[in-house]
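Structural characterization, general
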Amino acid sequence: MSARGLVSAPARVKRGEVFEVKTLVAHPMETGFRPGFDGRLIPRDIVTRMAVSLDGAELFAMEMSPAIAANPYVAFPMTLEKGGVLTVEWRGDNGFVAEARIAIAVA
Amino acid sequence: MRLPLVLLLVAWAAAAAAQDARRSGYADMGPALRAMQDDDAANPASLWVLEGSALWGARDGAAQRACADCHGAPETLQGVAGRYPAFDAKRASAVDLAGRIEECRTERQQAPPFGRETRPLLALEALVVRQSRGVPLAADPALAAVASVGETLWRQRIGQLDLSCAQCHDDRAGLRLGGTPIPQAHATAYPVYRLEWQGLGSLQRRLRNCMTGVRAAPYAYGSQEYLALEVYLARRSAGMPHEGPGVRP
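Numbers given for residues are sequential positions, taken from 1 along each chain in its written order. Both sets of labels track the order of writing: A upward for chains, 1 upward for ligands. The model is predicted, so local features are restricted to residues of pLDDT at least 70 and side-chain atom pairs to those at 80 or more, both for listing and for counting; the totals for chains, interfaces and linings are taken over all residues.

Residue and element names in this part refer to chain A. Only when DSSP finds a minimum of two bridges between them are two strands counted as paired. Strands here are runs of E lasting at least two residues and helices are runs of H or I lasting at least four, both read from the DSSP assignment and numbered beginning at the N terminus. Sheet architecture is open: three strands sit in the order 1-3-6, paired in antiparallel fashion. Edge positions in the sheet fall to strand 1 (5-8) and strand 6 (73-78), since each of these pairs with one other strand and no more. The average angle at which neighbouring strand axes cross in this sheet is 15°, direction not considered. Helix axes use the C-alpha atoms of the stretch in contact, all axes being lines fitted to C-alpha atoms, and the angles between their N-to-C directions lie in the range 0 to 180 degrees.

With that settled, the discussion passes to helix 5 (residues 97-108) of chain B. All names here are of chain B. Take the residue count of a helix, subtract one, and multiply by 1.5 Å to get its expected span. For helix 5, with 12 residues, the first-to-last C-alpha span of 16 Å sits near the 16 Å given by 1.5 Å per residue. C-beta atoms are placed from the backbone for every residue, and two residues are taken to be in contact when these atoms lie within 7 Å. Taken together, the buried residues of helix 5 touch strand 2 (93-95) and helix 6 (119-130). Within two residues after helix 5, Q110 carries a phi angle of roughly 50°, on the positive side.

Our focus in this paragraph is the domain arrangement of chain B. Residues and elements named next belong to chain B. Just so you know, the domain bounds were taken from an automatic or database domain assignment. In terms of domains, chain B is made up of domain 1 (23-40 + 136-248) and domain 2 (45-130). Domain 1 puts 25 residues into the contact, and the matching count from domain 2 is 21 residues. When residues of the side of domain 1 that touches domain 2 are traced back to their parent elements, those giving at least two are strand 6 (199-201), helix 9 (203-213) and helix 10 (224-236). Here the side of domain 1 that touches domain 2 gets four residues from one element, more than from any other, and that element is helix 10. Residues belonging to the side of domain 1 that touches domain 2 are distributed by class as follows: 15 nonpolar, six polar and four charged. Polarity classes work like this: nonpolar for Ala, Val, Leu, Ile, Met, Phe, Trp, Tyr, Cys and Pro, charged for Asp, Glu, Lys and Arg, and polar for all others, with Gly in that last group.

For the rest of this paragraph, the subject is the nonpolar core. The nonpolar core criterion groups buried Ala, Val, Leu, Ile, Met, Phe, Trp, Tyr and Cys residues into a set whenever they are joined through C-beta atoms within 7 Å. Between the buried cut of 20 or more and the exposed cut of 12 or fewer other C-beta atoms within 10 Å of a residue's own C-beta lies the partly exposed class, and all C-beta atoms are placed from the backbone. Counting 60 residues, the largest nonpolar core has A45(B), W48(B), A126(B), A228(B), L229(B) and V231(B) as the members making the most contacts within it. Those residues in contact with A45(B), other than ones at most four positions away along the chain, are A126(B), Y193(B), L200(B), P245(B) and V247(B).

The next subject is the packing of helix 7 (residues 144-155) of chain B against helix 10 of chain B. Residues and elements named next belong to chain B. Helix 10 packs onto helix 7 with a crossing angle of 100° between their chain directions and a minimal axis gap of 7 Å. Regarding the angle of helix 7 to helix 10, the classification is roughly perpendicular. Only E225, A228, L229, V231, Y232 and R235 of helix 10 make contact with helix 7, whose side of the interface consists of V146, A147, V149, G150, E151, L153 and W154. Here the residues of the contact of helix 7 with helix 10 sort into nine nonpolar, one polar and three charged. The scheme is simple: roughly parallel for angles under 35 degrees, roughly antiparallel for over 145, roughly perpendicular for 65 to 115, oblique for anything else.

Here it is, written out as structure tokens:
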């Protein structure tokens, strides 16, 4: 359960500098529209929400849809005024929860 | 002093590459896919490497031993993946990396095998392969006989379409099949994250894919035929740098 999400960012950034954060999460993203070998629909199993927070305060969250491929990759730019721990949390169908964190220092 | 040496090495590598007509599938991919493979933060195979790192330290089996208890850090296996498939003296036969990991699991950990193409086995394979990035592939000279069996299979016409591997990947490499470029089929990046699979898969899965493509009955995973083909392909790609775990369309 723990080894499912990955978040990458520079360990040190300059104050106010724009840098990119890249995230990956291991998930099949089963759409709910595909028939299985028995001809019946495979039930939907997707990540529904990805939330990014800095030191516990939520920065933004995005809703995810069945049209997103397996093992979703999301990258976003951001700036920091002071260092902190960036936490990314994914929640999805069937109680799916994954979390990854990274500490970023501001020089 | 050091910089000219590096430049000399780069020039030499470039000259060697210019003489080598072999092209990794990487060279035929678009810039977006190449960037995806090159950036560990974007390469989805990193998710398997991450899972492999967790398994590496987990004690399992009757022996209650973890990979780390014998091998130490995964980095100690630097370059190892480039030497597989290798000759296994104990069994007097060829063994590929997945087979070697399974052997470790059943004999050293005394745990039930994961089974070919299962997620934990691919995860450990991805972790080991990641330690060999850039290392040139080496063919085990003890496997010359197996390699010639593999070459026979490579040239054998199979399936309802009556095609051999060589007809596409030797004779028609660089041309197109239904709009898709035909690669030279160098086994430099396995296990690969294939976008079509939306997951990580081994060379044997890729071979199975081609076999069903020509409407042939695929061999069983782990069979001697697949192993022989893997040995032949390793020989064919010898000297090319390992890129694994890679990304392929």
